[in-house]
Every structure is written in structure tokens, then in C-alpha cells.
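Notes for the structure review
Below, each chain spelled out in residue letters.
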Amino acid sequence: MPTVEELYRNYGILADATEQVGQHKDAYQVILDGVKGGTKEKRLAAQFIPKFFKHFPELADSAINAQLDLCEDEDVSIRRQAIKELPQFATGENLPRVADILTQLLQTDDSAEFNLVNNALLSIFKMDAKGTLGGLFSQILQGEDIVRERAIKFLSTKLKTLPDEVLTKEVEELILTESKKVLEDVTGEEFVLFMKILSGLKSLQTVSGRQQLVELVAEQADLEQTFNPSDPDCVDRLLQCTRQAVPLFSKNVHSTRFVTYFCEQVLPNLSTLTTPVEGLDIQLEVLKLLAEMSSFCGDMEKLETNLRKLFDKLLEYMPLPPEEAENGENAGNEEPKLQFSYVECLLYSFHQLGRKLPDFLTAKLNAEKLKDFKIRLQYFARGLQVYIRQLRLALQGKTGEALKTEENKIKVVALKITNNINVLIKDLFHIPPSYKSTVTLSWKPVQKVEIGQKRANEDTTSGSPPKKSTAGPKRDARQIYNPPSGKYSSNLSNFNYEQRGAFRGSRGGRGWGTRGNRSRGRLY
């Protein structure tokens, strides 16, 4: 093993040789042997090996392996020095191997080392993006779970920081191709991260790009399979995928496949849905997603059939008036409970799809069914007016900080829900029923009023508090208005919070497929 003096002497030989440095192979070999010495020798070797690496291609493997030994040294200062110098080995055909090594080194628990590895990966990314991606995806597909997890997070957080000249169209195509391979077997959390990665690519910002992403999500959602409402993983998978798809839909990228699946497979099983997420109102979550998607539904093959299923589900939440006894009092002990949050979603979805078949209520239903529906609408509208008056009274005169309390925030949302239902019911009472009004779902931010939408939006927000309070809560903090039973109750305190949960489980055990067993240990 060479001493410190010998290392310096051989370094001098190489440094003085200038253009003839490649002729001093023996001197470079002495420096490589420095990794077998003590702390001081290793520290010098970590600096000297990369400095002259490019001059000795025949010793490339030996040099890289020597540097890797230093990357695994017990002394943290030696490891950090060795990692810092790794990008100097990323030349030509060695770059993918260095990228692979750096990706494996992401598993370190030392924060300083972790930052050095991230910086080194970014450095070689700018040298050769495709080669670096090769190393990253190699480990994502075959590496240890901790390496896979951190490599995916590296891509999800660092890609967006790279300049356009690095993320070329060809590079983005490679990311899409490799991501599709990974998506064949992912957990819910991994799927969300990959959708974040892909939706951020410039080449996928176009209509055709968004359509590609929707197809990827539909494949993950397994829309060809029969829905199993009693399987929490099946339910959670569908919700997770649908949440990723919703932001992609537009007037040019249709939600038809998802809306069809929800109408045919999910709505009939709504009451039997199970979820692993504690505290989540799974039925309301499904109905909200359906409502958001219904705006962008294209031509549907079985429109009348699916509209009827939606109509039948709506009827379940639109009760008939309680029967009255001879003295005019209610014959029953309790009046029906009005589920405003559920009805907003179902009524909105019906209103959106009904535009595609405007004679559904008049031509597709028999007279008795239509009469029954109008009675339900009328009864619901009466109860609605009571709650709208109570909410307006409770919020009257409140501005600024007063509207920021949790109680008043919920009341503002409740007022939006009830106003929305009121506007939609008015449309359906027209003869023939109309589908022209436009409302903003209560949990969505209020959009700017277009000239053609002015009247409908005025109907929706009339009587609301000042503008600053009309914006709905963030999607992840949506609130449910769940009024008390009885249309004349003045108690407005019975509100619940909706909680959203992440996908449970991990690869190899449950959820979205198993990845099988892979070899462990150093793969350099």
C-alpha cells in the first residue's frame, strides 16, 4: 500500500507529464492502490483518481471500482469526497453506469451525502440526459425498494428544474416510454408521482398529449374489469386514478369512458362501497368525482340507459313529502332527511348529461314517473328555501375576519350548495325542462363570469356574503354540508369534514400488483 509521500510523488509525475500523461500507467496504478491505505491515503486517492481518469481508458473499470470502494467507506468525509467526484467518471459509455451507481447511493441516510448525490445526478443529467435516465430507470425497475422510492421522488422533484435544452422532445419521449414500463406494476403513491412527472412534460401539454395521459390512467383504473364494491383496494384504486384523470379533462379531452363506468358499475353499488380510509364519506367522494367529470362527457353509446341509472339514484335522495294525518299533522314521527351535498352532485351530473338528451324527462319517462319527480323536486325546494334563509341570516353583516372562522366558512359552502341546487331545480321545473343554467360546484373555485353566464351565476350567488368569501375551500379540505333532519330545524351546527386518504399498501403485497423478488446487494 502506498504512503502519503508516494501518492504525492506519483501525482507529481502525472501532473508534470502534461500531454504524455497516458504513458505513466504505473504511476496511476499506485494512486489506485491508495484506496487500500489509511484515512489520509484514501482521502488523497478520492481526489487524485478522478483527476487523471480520462487518460487511462484501459484502467477505467479498476478506477471506477476503486472510487466506489471509497463511496462505501466508514469515514463519512471520505465518502462525501468520493461521491462529489463521481461526475468526473461520467464520460462516454461510463455515464449510464455512473448514473446507476449514483441512483443506488440515494439510499443514504446522511443528509449531506444525499444532497451531494442529488447534485451529482443533476450534473450528469446536463451532460447526457438519456444516459442518466437509463441509470435511474434501471434502478426503479430492478433496484431495492428504498432506491426505487427515492429515484422516483428525484424525478418528480428535479425534472421540472432542468432547462429546456436538457429536456428535449427526445428526452421527454424516453421518459414517457420508460414510465409506461414502470406503470405496469406500481403502488398508488408511485402512480400519483408518475402522473405528476408526466403531466409536467411539455410534449404532453397538447390535446393529444393529455389524451395519452387519460388513456394511461384508464389503463391503471382497469375500466374493462367488473367493479367490486366490497374490495377496498378496488374502490381506492378507482378513486385514486379518477382523481388523477379529472384535471386532464376538457372540452377536447373527454371523460366519457370514466363517466360511463361510474354510471354502469359504481352508481348501482353506491351504498355497498367500502374504503380503507377512515372517516372518508366514500359515497360523497364518488358523487363529487362524477359531477366534476360530467361536464366533459362526450357522446355516450348508452346515454338513455345511463341517464336513467343516474336519475334513479337521484330519486333515492329526493324524498317524497311525508303523509299528513287528518288533522294536518305529519303522520310519521320524523320528516325525511335532506342530503344536500349528495343531491348537489347527482342533480349537477343529471343536468349535464340531460343536455345531451333534453327530452328524457318528457318523452322517456311515463306521466306518473314525471309527476312523482316533480312532487319530489317541489318538496325538496321548499326545504331548500328554509335552509337558504337560515344561512343568509346567519351570515348577514359578517365580513372580513368574521367570515374566516371555521363555522362561517362551512356556512358559506353550505350556502353555495343550496343555491346551486336551487338554480338546477328551477331549470327542471321549466316546461319543457331546461338545461341552460350554469353553476360552479360548491367545492370548486368560482370562475370569472362570462356574459352568457351572468344570469345563471347571479342566481347561484345571490344573497351570498362579500366576494372574498365565495371562493370554495381547497380540494383537499372540502367540507360536507349535512343539515339536520326536518325542514324547519334551525340547528345549523351539524357539519362534517370530508377526509381524503392515500392509497394503502406497497408493491409486492397488495394494491396495484406485485413486483416479485429481486436480487439484493451491491449492483454496481
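The name given to the chain in an unreviewed UniProt entry is Apoptosis inhibitor 5, with the source organism recorded as Heterocephalus glaber. We quote the UniProt Subunit (unreviewed entry) comment for the chain here in full: "Monomer. Interacts with FGF2 and ACIN1." UniProt's Sequence similarities (unreviewed entry) comment on the chain is quoted here verbatim: "Belongs to the API5 family."

1. Looking at the overall build of the chain
Counting its secondary structure elements, the chain contains 21 helices and two strands. Relative to its full complement of 524 residues, the chain shows a buried share of 51%. In the chain, the proportion of contacts linking residues at least 24 apart, taken out of those at least 6 apart, comes to 74%. Carbon and sulfur atoms make up 47% of the accessible area of the chain, which amounts to about 25000 Å² in all.

2. Thoughts on helix H9 (residues 145–158)
In this model, H9 (14 residues) spans 20 Å end to end at C-alpha, consistent with the 20 Å of a helix rising 1.5 Å per residue. Of the positions making up H9, those classed as buried are Val-147, Arg-148, Ala-151, Ile-152, Phe-154, Leu-155 and Ser-156. Here the buried face of H9 lies against helix H6 (95–105), helix H7 (111–127), helix H8 (129–142), helix H10 (169–182) and helix H11 (188–199).

3. A closer look at the packing of aromatic side chains
On inspection of all chains with the given rule, the structure shows 15 aromatic pairs. Seen in terms of ring centroids, Tyr-317 and Tyr-342 are 5.0 Å apart; in terms of plane orientation they differ by 40 degrees. Their pairing is tilted. Note that Tyr-317 is positioned in the loop between helix H16 (303–316) and helix H17 (340–354) and Tyr-342 in helix H17, a separation of 25 residues in sequence. The same class applies to Tyr-317 and to Tyr-342, which are both buried. Between Phe-350 and Phe-360, the aromatic rings sit 5.9 Å apart at their centres with planes inclined by 70 degrees, giving edge-to-face as the arrangement.

4. Regarding the confidence of the model for the chain
Per-chain confidence: the chain averages 85 in pLDDT, with 83% of residues scoring 70 or above. Below pLDDT 50 for its whole length, residues 449–511 participates in 162 contacts with residues either more than four positions away or in separate chains. In this model residues 513–524 is a low-confidence stretch, pLDDT under 50, and it forms 37 contacts with partners more than four residues away in sequence or in other chains.

5. Looking at helix H14 (residues 256–266)
Spacing of three or four residues puts side chains on the same side of an α-helix, whose turn is 3.6 residues. Burial analysis of H14 places eight of its 11 residues in the buried class, the great majority of the element. For H14, the set of buried residues is Thr-256, Phe-258, Val-259, Thr-260, Tyr-261, Phe-262, Cys-263 and Val-266. For H14, the secondary structure elements touched by its buried residues are helix H12 (207–221), helix H13 (232–245), helix H15 (282–294), H16 and H17.

6. Re the pattern of salt bridges
The full count for this structure, using the stated rule, is 22 salt bridges. A salt bridge links Glu-113 to Arg-79; its shortest N-O distance comes to 2.6 Å. Placement of Glu-113 in helix H7 and of Arg-79 in helix H5 (residues 76–85) is noted, with a sequence separation of 34 residues between them. Here the salt bridges do not stand alone but share partners, grouping Asp-164, Glu-172 and Lys-202 into one network.

7. Let's talk about the packing of H11 against H13
Interaxial distance between H11 and H13 falls to 11 Å at its minimum, and their mutual angle equals 10 degrees. In terms of orientation, H11 lies roughly parallel with respect to H13. The segment H11 lies against H13, with Gly-188, Phe-191, Val-192 and Met-195 engaging Gln-240, Cys-241 and Gln-244. Residue classes in the contact of H11 with H13 are distributed as four nonpolar, three polar and no charged.

8. Things to note about the nonpolar core
For soluble globular proteins, nonpolar side chains are generally found buried alongside one another. In this structure, Tyr-28, Ile-49, Phe-258, Phe-350 and Leu-361 are the most contacted members of the largest nonpolar core, which totals 158 residues. If you tally residues by element for this core, the top one is helix H19 (residues 367–395), at 11 residues.

9. A word on unusual backbone geometry
Both trends apply: most residues other than glycine have a negative phi, and most peptide bonds are in trans. The linkage connecting Ile-431 with the following residue, Pro-432, adopts the cis geometry, with an omega of -5 degrees. With respect to the helices and strands, the residue Pro-432 is situated in the loop between helix H20 (406–429) and helix H21 (454–461). Residues other than glycine seldom take positive phi values, yet Thr-18 does so here, at roughly 45 degrees.

10. Quick notes on the environment of Phe-137
Positionally, Phe-137 belongs in helix H8. Through-space distance from the C-alpha of Phe-137 to that of Ser-179 is 8.2 Å; in sequence the pair is 42 residues apart. Filtering out sequence-adjacent residues up to four positions away, Phe-137 remains in contact with Leu-155, Ile-175, Glu-178, Ser-179, Val-182 and Phe-194.

Conventions used here
- Residues numbered from 1 in each chain as written.
- Predicted model: local features only at pLDDT ≥ 70, side-chain atom pairs only at ≥ 80, totals over all residues.
- Heavy atoms only, no water.
- UniProt positions renumbered as here; feature names shortened; annotations may be inferred.
- Helix = DSSP H or I, 4+ residues; strand = E, 2+ residues; numbered from the N terminus.
- Buried < 20%, exposed > 50% of the residue type's maximum accessible area, 1.4 Å probe, protein only.
- Contact = heavy atoms within 4.5 Å.
- Areas by Shrake-Rupley, 256 points an atom, 1.4 Å probe, with all protein chains shown as cover.
- Expected span 1.5 Å × (residues − 1).
- Phe/Tyr/Trp six-rings, centres within 6.5 Å; stacked < 30°, edge-to-face > 60°.
- pLDDT = per-residue confidence, 0-100.
- Salt bridge = Lys/Arg side-chain N within 4 Å of Asp/Glu carboxyl O.
- Axes fitted to C-alpha atoms, helices over the stretch in contact; angles between N-to-C directions.
- Parallel < 35°, antiparallel > 145°, perpendicular 65-115°, else oblique.
- Nonpolar A, V, L, I, M, F, W, Y, C, P; charged D, E, K, R; others polar.
- Core = buried A, V, L, I, M, F, W, Y, C linked by side-chain atoms within 4.5 Å.

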